[in-house]
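# Examination of the molecular architecture
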Amino acid sequence: MKKMSNIYESAANTLGIFNSPCLTKVELRVACKGISDRDALSKPDPCVILKMQSHGQWFEVDRTEVIRTCINPIFSKLFTVDFYFEEVQRLRFEVHDISSNHNGLKEADFLGGMECTLGQIVSQRKLSKSLLKHGNTAGKSSITVIAEELSGNDDYVELSFSARKLDDKDFFSKSDPFLEIFRMNDDATQQLVHRTEVVMNNLNPAWKTFKVSVNSLCSGDLDRRLKCIVWDWDSNGKHDFIGEFNSTFKEMQGAMEGRQVQWECINPKYKAKKKNYKNSGIVILNQCKIHKMHSFLDYIMGGCQIQFTVAIDFTASNGDPRNSCSLHYIHPYQPNEYLKALVAVGEICQDYDSDKMFPAFGFGARIPPEYKVSHDFAINFNEDNPECAGIQGVVEAYQSCLPKLQLYGPTNIAPIIQKVAKSASEETNTKEASQYFILLILTDGVITDMADTREAIVHASHLPMSVIIVGVGNADFSDMQMLDGDDGILRSPKGEPVLRDIVQFVPFRNFKHASPAALAKSVLAEVPNQVVDYYNGKGIKPKCMSEYESSRTLAP
């Protein structure tokens, strides 16, 4: 096997992709100035739509809230995007006027757009450009985008505010209050963190609970000053100031475990003028809940093992292994596509598995001694212990089993998914983050048990497992793309949707002339997030707090 060492080496070089698995996430805040409306008599109701370019096409990623009757909107909603240092990520910000009776874009007027790359925003931290109308003409309006890296601390906080006895600012009805929270920056500027909804005609409002990342609230600094302002909403966009108060995240943490924190809402003008002025109302924080977000590294460093299983397609469509045209042909110097894919992906996974023992199965062949068709046989022919020692052991078991098999069919992969799901479901009983299962399926063709496979994947999406399918050879794999939920939600035949997207499908031919590193990076890129989504979604913490994690924990 000396000839394969170069594949091992290049696959090993890809280990770097797991050192920074969940790429940097960046929060983008947007504000506009001087937006003019098509209708000179009224102000626009602006909304900003963020689009990203992929293969020359623009796709909507997210949109801000609509701010009614406003020419200089500062949007409360953040855009969170993944930043890939090695890619040019083109962004387009479009400002639309969305009429109040219609939230779609059909009747919306396009007020201007701005294109840039994420790299430009990140490197400048704050990017201001003119908004261009159709025909690329610049008007007087501009857009500003501010970027902030979500580094280290991904925790978020849930806050629930209410108020009582607010000043009444309306003649014929009561005030319509909303609350804004600003973070005071080191350069004395202020940054809008959140704007609540408006509660109509109510001097004792209870605003909806909202979530915000600790990073955007205070940049991880518990003593950073937060400025909170209560306004009385007006339909003409000229909101009346009710009052304000200052706080810190440290002070807000007083509202944990059933306690409340209260502030007097002060109008400085009234305070200066009126002798017996007390306040303009009381604002109450009823709940402050911190949600700890653990990273992929937290789980791995906490002792979570990646259990890697391989399943290889031995159906007749691969061609007779003795024939040099066969996908299973063993060339003395050149590994076939099955071996290349196995080594590229397996080399990375084996670093996260302490015992380096990998179960390896085959499907679609008649196996000795009775030569009955099996869809989940151990390729070492030891059903009680299908494990092979290292990726090297899997390669050797594959080569020695080939001459003993009769390649047959059909291509059924549900049995092998169910087999691994059984092990993963036993793991869930521990309620610990100790083992996460990755099933690598190598197949040359379209599967014949699509309904059963969809059912098996939907079931597996509730378990600590991911499925990677690599299509080998030149078959039409369009049906397989459906299993990879990227362009829609995969459902079982009964209509039950997957809980999380756990399947990644890649045709090997796309990587034929690339390094094994590129294949491994493509198929494993989603795994760290799938691991994190599973355990965070179940509220399962890493097994032991590593030094790495405790160094980034926010003390209450």
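Residues numbered from 1 in each chain as written. Predicted model: local features only at pLDDT ≥ 70, side-chain atom pairs only at ≥ 80, totals over all residues. Heavy atoms only, no water.

## Remarks on the packing of helix 8 (residues 337-350) against helix 9 (residues 390-401)
- In the contact formed by helix 8 and helix 9, the axes pass within 9 Å of each other and the chain directions differ by 155°. Relative to helix 9, the element helix 8 is oriented roughly antiparallel. Crossing handedness for the pair helix 8 and helix 9: right-handed. The residues of helix 9 that touch helix 8, namely those facing Tyr338, Leu339, Leu342, Val343, Gly346, Glu347 and Gln350, are Gly390, Ile391, Val394, Val395, Tyr398 and Gln399.
- Counted by class, the contact of helix 8 with helix 9 contains eight nonpolar, four polar and one charged residues. (Axes fitted to C-alpha atoms, helices over the stretch in contact; angles between N-to-C directions. Helix = DSSP H or I, 4+ residues; strand = E, 2+ residues; numbered from the N terminus. Parallel < 35°, antiparallel > 145°, perpendicular 65-115°, else oblique. Left-handed = near helix turned anticlockwise from the far one by under 90°. Contact = heavy atoms within 4.5 Å. Nonpolar A, V, L, I, M, F, W, Y, C, P; charged D, E, K, R; others polar.)

## Here we look at the packing of aromatic side chains
- The full count for this structure, using the stated rule, is 14 aromatic pairs.
- Relative to Tyr534, the ring of Tyr436 has its centre 6.5 Å away and its plane inclined at 65°; by these criteria the two rings are edge-to-face. With a gap of 98 residues between them, Tyr436 in strand 24 (residues 435-443) and Tyr534 in helix 14 (residues 527-537) connect regions that are remote in the sequence.
- Taking relative accessible area as the criterion, Tyr436 reaches 0% and is therefore assigned buried. (Phe/Tyr/Trp six-rings, centres within 6.5 Å; stacked < 30°, edge-to-face > 60°. Buried < 20%, exposed > 50% of the residue type's maximum accessible area, 1.4 Å probe, protein only.)

## Here we look at the packing of helix 10 (residues 414-428) against helix 11 (residues 450-460)
- In contact at an axis separation of 9 Å, helix 10 and helix 11 are set at 15° when each is read in the N-to-C sense. Judged by the angle between their axes, helix 10 and helix 11 are roughly parallel. As for the relative orientation of helix 10 and helix 11, their crossing is left-handed in sense. For the pair formed by helix 10 and helix 11, the contact residues are Ala414, Ile417, Gln418 and Ala421 on the first element and Asp452, Thr453, Ala456, Ile457 and His459 on the second.
- A breakdown of the residues in the contact of helix 10 with helix 11 according to their chemical character gives five nonpolar, three polar and one charged.

## Remarks on the side chain of Ser280
- Within the secondary structure layout, Ser280 lies in the loop between helix 6 (268-273) and strand 16 (282-291).
- Polar contacts involving the side chain of Ser280 include one to the main-chain carbonyl oxygen of Ile242, which spans 3.5 Å.
- Side-chain polar atoms of Ser280 contact the side chain of Tyr277, separated by 2.6 Å.
- Leaving out residues up to four positions away in the same chain, Ser280 has contacts with Lys165, Leu166, Asp167, Ile242, Cys265, Asn267 and Tyr270. (Polar contact = N/O pair within 3.5 Å; in protein donor to acceptor, adjacent residues only side chain to side chain.)

## Regarding the sheet that holds strand 14 (residues 240-247)
- Sheet architecture is open: four strands sit in the order 11-10-13-14, paired in antiparallel fashion. Here the strands that pair on one side only, and so sit at the sheet edges, are strand 11 (190-195) and strand 14. Going from strand to strand, the sheet's axes swing by 25° on average, the running direction of each strand aside.
- As paired strands, strand 13 (residues 226-232) and strand 14 are joined by seven bridges and run antiparallel to one another. Bridge pairing links Val230 to Gly243 in strand 14. (Pairing = 2+ DSSP bridges.)

## A few points about the pairing of strand 25 (residues 465-471)
- Counting buried residues along strand 25, seven of its seven residues qualify, which places the element largely inside the surrounding structure.
- With burial as the criterion, each face of strand 25 is covered, one bearing Met465, Val467, Ile469 and Gly471 and the other bearing Ser466, Ile468 and Val470.
- The pairing of strand 24 with strand 25 spans seven bridges and is classified as parallel. Within the sheet, the bridge partner assigned to Leu442 lies in strand 25 and is Val470.
- Where strand 25 lies against strand 26 (residues 503-507), five bridges are found, and the strand directions are parallel. When the sheet's bridge partners are listed, Val467 is paired in strand 26 with Val503.

Nothing here speaks to function; it is geometry throughout.
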